[in-house]
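Residue strings, one per chain:
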Amino acid sequence: MTNLITTFSALADETRFYLVEQLMTQGELPAGDLVAQRPISGPAVSRHLKILRQAGVVQQRIDGTRRLYSVRPESLKAISDWTIEKRAFWQAGLDRLETLLDEEQNT
């Protein structure tokens, strides 16, 4: 659960969420391309990418002088697994409520 808290905390920032969305949509990108897509400075994007790396959401690959970033699929799978687990919890409660309402209507 601690990793999920760190992941959600990292994604709670609008800029970091946007960066992850861009990486998911476009695939691996150099930091310079991410800077060009947001109205913030290069150092600010670098700080956001560092937080995402520390949270395990993105990974960095060095190619010569470029730093290439991509989303770590396992971090998104953890979010997906947690969401599906919680959906099952809520669905069970909604199913019980539906059954009770049906029984009440039939009596």
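Our subject is the structure that appears above.
Residues numbered from 1 in each chain as written. Predicted model: local features only at pLDDT ≥ 70, side-chain atom pairs only at ≥ 80, totals over all residues. Heavy atoms only, no water.

Trainee: Even after reading the chapter, I still don't get the overall build of the protein chain, so can you show me in this structure?
Mentor: In terms of regular secondary structure, the protein chain is built from five helices and three strands. N-terminal to C-terminal, the α/β element order of the protein chain is α-α-β-α-α-β-β-α. Over its C-alpha atoms the protein chain spans a radius of gyration of 20 Å, topping by over 25% the 13 Å that the globule rule assigns to 107 residues. If you line up the protein chain on its principal axes, its C-alpha atoms span 75 × 25 × 20 Å. Scored against the burial criterion, the 107 residues of the protein chain give a buried share of 28%. Residue pairs in contact within the protein chain that sit at least 24 positions apart in sequence constitute 52% of those at least 6 positions apart. (Helix = DSSP H or I, 4+ residues; strand = E, 2+ residues; numbered from the N terminus. Rg over C-alpha atoms; globule rule 2.2 N^0.38 Å. Buried < 20%, exposed > 50% of the residue type's maximum accessible area, 1.4 Å probe, protein only. Contact = heavy atoms within 4.5 Å.)

Trainee: Teacher, can you tell me more about the nonpolar core here?
Mentor: The nonpolar side chains of soluble globular proteins are, as a tendency, buried together. Within the largest apolar cluster, 18 residues are counted, with the highest numbers of intra-cluster contacts made by Val20, Leu23, Leu34, Leu49, Leu52 and Val57. Contributions of two or more residues to this core are made by α1 (2–11), α2 (14–26), α3 (31–36), α4 (42–54) and β3 (66–71). Setting aside chain neighbours within four positions, we find valine 20 in contact with Leu11, Leu52, Val57, Val58 and Val71. (Core = buried A, V, L, I, M, F, W, Y, C linked by side-chain atoms within 4.5 Å.)

Trainee: What am I meant to see in a nonpolar patch on the surface here?
Mentor: Side chains of Leu94, Leu97 and Leu101 sit close together on the surface and give an oily, nonpolar patch of about 280 Å² of accessible area. Examined against the element boundaries, leucine 94 turns out to sit in helix α5 (residues 73–106). (Patch = residues over 30% accessible without salt bridge, like charges linked within 9 Å, V, L, I, M, F, W, Y side chains within 5 Å. Areas by Shrake-Rupley, 256 points an atom, 1.4 Å probe, with all protein chains shown as cover. Salt bridge = Lys/Arg side-chain N within 4 Å of Asp/Glu carboxyl O.)

Trainee: Would you take a moment to explain the pattern of salt bridges for this structure?
Mentor: Any two side chains of opposite charge can pair if their charged atoms end up close together. One pass over the full model with this rule turns up five salt bridges. We note a salt bridge from arginine 72 to glutamate 74, for which the minimum N-O separation is 2.5 Å. Here arginine 72 falls in the partly exposed class, since its relative accessible area comes to 26%. Glutamate 74 sits in the partly exposed class, given a relative accessible area of 43%.

Trainee: Honestly, the packing of aromatic side chains in this entry has me stumped. Any pointers?
Mentor: Remark: the centre distance and the inter-plane angle together describe each pair of aromatic rings, the angle taken between the planes. In the structure shown here, the tally under the stated rule is one aromatic pair. Look at phenylalanine 8 and tryptophan 82: their rings are 5.3 Å apart centre to centre, the planes differ by 65°, and that puts the pair in the edge-to-face class. Here tryptophan 82 lies in helix α5 and phenylalanine 8 lies in helix α1, a separation of 74 residues in the sequence. A relative accessible area of 28% means that tryptophan 82 is categorised as partly exposed. (Phe/Tyr/Trp six-rings, centres within 6.5 Å; stacked < 30°, edge-to-face > 60°.)

Trainee: So what exactly am I meant to see when it comes to the environment of isoleucine 79 here?
Mentor: Mapped onto the secondary structure, isoleucine 79 falls in helix α5. Here the alpha-carbon distance between isoleucine 79 and phenylalanine 8, two residues 71 residues apart in the chain, equals 8.5 Å. In this view, isoleucine 79 contacts Leu4, Thr7, Phe8 and Leu11; residues no more than four positions away in its chain are not counted.

Trainee: What is the right way to look at the sheet that holds strand β2 (residues 58–63) in this model?
Mentor: Sheets are built from strands that pair by backbone hydrogen bonding, the pairs being arranged parallel or antiparallel. One open sheet holds the three strands; their spatial order is β1-β3-β2, and the pairing between them is antiparallel. Of all the strands in the sheet, just β1 (29–30) and β2 have a single pairing partner and so form its edges. Both β1 and β3 contribute to a ladder of two bridges, which runs antiparallel. Its bridge partner being in β3, proline 30 is matched across the sheet by leucine 68. Sheet contacts for α2: β1, β2 and β3; angle to β3, the most-contacted strand, approximately 90°. (Pairing = 2+ DSSP bridges. Axes fitted to C-alpha atoms, helices over the stretch in contact; angles between N-to-C directions.)

Read these as layout, nothing more, since geometry by itself doesn't imply function.
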